[in-house]
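Residue-level listing of the chains:
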Amino acid sequence: MDTSSIIVLATLGVALVLFITDAFRYEVISVGVAVIMAATGVLAPDVAFEGFSSPTVFLVAAMYVFGAAFNRWGVTEAIGQRFLGGRESSERALVFRIVLLSGVLSSFLSNAGVVAILIPVLGSLSRETKIPASRLFMPLAFGSLLGGLVTLIGTSKNLAVNEVLSDIKNEAKSLLESGDSYPAGTEALALIEPFTLFEFTWLGLSLLAVGSLYFLGPGLKLLPRKREDESLTDHD
């Protein structure tokens, strides 16, 4: 094993321990790994910090800013209370609306942000309707995950894959334009088009619909029935 491999494994091991122990903020640890890779010569500085110039990074950051603005002005909470409020609704109808609402919101906002904002709303509904909070939080989690499949900006993973496709296309085009010999399949790779915002929306909506319907039937029966004395909203 060469020196570079040892440095990489040691750095990743230390970073993993720091992540688990929460010794430092996550972004500090991540930047620290890049700095170590560049300082030790494992990676060239321009390669080590190349990710900071990625359009995906800026788009994800913009999504968090957009989501924070929604949360700060109470838009998400107002939508949740408006769409989920009402003691007269049955548990089945309430669960269905939770999955649907969290999925729609997560299509354009951060999954974690949507869950964090709707947890207090569902906590209040749990106390009003006497429905265990765990039976409302589980549909919320699944709905937010399914919502990330509806649009390109639903999750950062979609954006990362889309950037890889764009890089593959650009590299293939550069190889064709260079006039050098190229492997079979390069021409096909040069024709790849990155995903558009609503490229797989129909598939995502179909999965969200199936997930919502699932909680109307067997999913509802499998939700935990034990009622806890306190919910997440009881903590500061």
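About the cut-offs
- Residues numbered from 1 in each chain as written.
- Predicted model: local features only at pLDDT ≥ 70, side-chain atom pairs only at ≥ 80, totals over all residues.
- Heavy atoms only, no water.
- Helix = DSSP H or I, 4+ residues; strand = E, 2+ residues; numbered from the N terminus.
- Rg over C-alpha atoms; globule rule 2.2 N^0.38 Å.
- Buried < 20%, exposed > 50% of the residue type's maximum accessible area, 1.4 Å probe, protein only.
- Areas by Shrake-Rupley, 256 points an atom, 1.4 Å probe, with all protein chains shown as cover.
- Lys, Arg positive; Asp, Glu negative; His and termini not counted.
- Charge placed at Lys NZ, Arg CZ, Asp CG, Glu CD.
- Axes fitted to C-alpha atoms, helices over the stretch in contact; angles between N-to-C directions.
- Parallel < 35°, antiparallel > 145°, perpendicular 65-115°, else oblique.
- Left-handed = near helix turned anticlockwise from the far one by under 90°.
- Contact = heavy atoms within 4.5 Å.
- Nonpolar A, V, L, I, M, F, W, Y, C, P; charged D, E, K, R; others polar.
- Patch = residues over 30% accessible without salt bridge, like charges linked within 9 Å, V, L, I, M, F, W, Y side chains within 5 Å.
- Salt bridge = Lys/Arg side-chain N within 4 Å of Asp/Glu carboxyl O.
- 1 Å grid on protein atoms, 1.4 Å probe; cavity = no way out; pocket = protein on both sides within 12 Å on 5 of 7 lines; lining within 4 Å.
- Points joined across faces, edges and corners; volume = space filled by probe spheres on them.
- Expected span 1.5 Å × (residues − 1).
- Arc of directions from axis to C-beta.

Participant: I'd like a rundown of the overall build of the chain, residues and numbers included.
Facilitator: When helices and strands are counted, the chain shows 12 helices and zero strands. In terms of overall size, the chain is more extended than a compact globule, its C-alpha atoms giving a radius of gyration of 23 Å where 236 residues would be expected to give roughly 18 Å. Dimensions of the chain, computed from C-alpha atoms along their principal axes, come out at roughly 70 × 45 × 35 Å. Classification of the 236 residues of the chain by burial places 33% in the buried group. For the chain, the accessible area works out to roughly 14500 Å², and carbon and sulfur atoms hold 66% of it. Between the centroid of the 16 positive side chains of the chain and the centroid of its 22 negative side chains there is a distance of 18 Å.

Participant: Report on the environment of Thr 56, specifying residues and quantitative values.
Facilitator: Along the chain, Thr 56 turns up in helix 4 (residues 55-72). The sequence separation of Thr 56 and Leu 220 amounts to 164 residues, and the corresponding C-alpha distance is 37 Å.

Participant: Please provide a residue-by-residue account of the packing of helix 6 (residues 91-106) against helix 7 (residues 111-129), values included.
Facilitator: When two helices pack together, their arrangement is captured by the angle between the axes and the distance separating the axes. Running from amino to carboxyl end, helix 6 crosses helix 7 at an angle of 155°, the nearest separation of the two axes being 10 Å. By the angle between their directions, the pair helix 6 and helix 7 is classed as roughly antiparallel. The way helix 6 lies across helix 7 gives a crossing that is right-handed. Contacts between helix 6 and helix 7 pair Leu 94, Ile 98, Ser 102, Leu 105 and Ser 106 from the former with Asn 111, Val 114, Leu 118, Leu 122 and Leu 125 from the latter. Residue composition of the contact of helix 6 with helix 7, grouped by class: seven nonpolar, three polar and no charged.

Participant: Mind laying out a nonpolar patch on the surface, listing which residues take part and the relevant values?
Facilitator: There is a patch of nonpolar side chains on the surface, built from Leu 16, Phe 19, Ile 20 and Tyr 26 and spanning about 420 Å² of accessible area. Sorting elements by how many residues they give to the nonpolar patch places helix 1 (residues 3-21) first, with three residues. Positionally, Tyr 26 belongs in helix 2 (residues 26-39). Here Tyr 26 falls in the partly exposed class, since its relative accessible area comes to 46%.

Participant: Quick one: what's the story with the pattern of salt bridges, residue by residue and with numbers?
Facilitator: Summed over the entire model, instances satisfying the criterion amount to three salt bridges. Here Glu 27 and Arg 25 are joined by a salt bridge, their closest N and O atoms 2.5 Å apart. Here Glu 27 falls in the partly exposed class, since its relative accessible area comes to 41%.

Participant: Describe in detail the layout of surface pockets, supporting the description with residues and values.
Facilitator: In this structure, the largest pocket spans a volume of roughly 270 Å³. When residues of the lining of the largest pocket are traced back to their parent elements, those giving at least two are helix 3 (45-48), helix 4 and helix 9 (156-178). At five residues, helix 9 tops the list of elements feeding residues into the lining of the largest pocket. Residue composition of the lining of the largest pocket, by class: six nonpolar, five polar and three charged.

Participant: Now, about helix 11 (residues 201-214): what can you tell me, with residues and values included?
Facilitator: Residues lying three or four places apart along an α-helix face the same way, a consequence of the helix completing one turn every 3.6 residues. End to end, helix 11 covers 20 Å across 14 residues, agreeing with the expected 20 Å (1.5 Å per residue, within 8%). For helix 11, the complete set of buried residues consists of Thr 201, Gly 204, Leu 208, Gly 211 and Ser 212. Down the axis, helix 11 shows its buried residues gathered within 100° of arc, on one side only. Summarising the geometry of helix 11, the exposed residues directed more than 90 degrees from the buried face are Trp 202, Leu 203, Val 210 and Leu 213.

All we've got here are geometric facts, nothing functional implied.
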